[in-house]
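Now for the letters of each chain:
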Amino acid sequence: YGDFDSEQITGLEWVMYTLIRERVATMTELKEKYNLDEALKLYDIVVMQRDIERMMTKRQNEERG
């Protein structure tokens with residue numbers, strides 16, 4: 001198959017992939033249930049939650065260290 005070329009994937013495709021990978025939405029839901037604005041809001045929530053968890057982990061590690 002060759003090497004993976006991430007430049008061939010659009011930003012929207014990465015958003016959809018992330019939502020599916022994080023089990024926030026299925027491909028069917030993204031196609032049939034959510035409009036683009038809703039899907040992008042879901043993605044923002046997932047990213048925000050990751051940032052919060054990363055900051056909390058960092059803070060806990062600093063308190064221990």
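Procedures and definitions
- Residues numbered from 1 in each chain as written.
- Predicted model: local features only at pLDDT ≥ 70, side-chain atom pairs only at ≥ 80, totals over all residues.
- Heavy atoms only, no water.
- Core = buried A, V, L, I, M, F, W, Y, C linked by side-chain atoms within 4.5 Å.
- Buried < 20%, exposed > 50% of the residue type's maximum accessible area, 1.4 Å probe, protein only.
- Helix = DSSP H or I, 4+ residues; strand = E, 2+ residues; numbered from the N terminus.
- Contact = heavy atoms within 4.5 Å.
- Phe/Tyr/Trp six-rings, centres within 6.5 Å; stacked < 30°, edge-to-face > 60°.

Moving on: the nonpolar core. Residues V15, L19, A25, L30, A39, L42 and V46 constitute the largest nonpolar core, which totals seven residues. Those elements that place two or more of their residues in this core are α1 (11-21) and α3 (36-64). For this core, the element with the highest residue contribution is α3, accounting for three residues. In contact with V46, not counting residues within four places along its chain, are T18, L19, E22 and V24.

It is worth spelling out the packing of aromatic side chains at this point. Applying the stated criterion across every chain, the model contains one aromatic pair. Look at W14 and Y17: their rings are 5.8 Å apart centre to centre, the planes differ by 80°, and that puts the pair in the edge-to-face class. Here Y17 and W14 lie together in helix α1, a separation of three residues that amounts to about one turn. Judged by its relative accessible area of 33%, W14 is partly exposed. Taking relative accessible area as the criterion, Y17 reaches 43% and is therefore assigned partly exposed.

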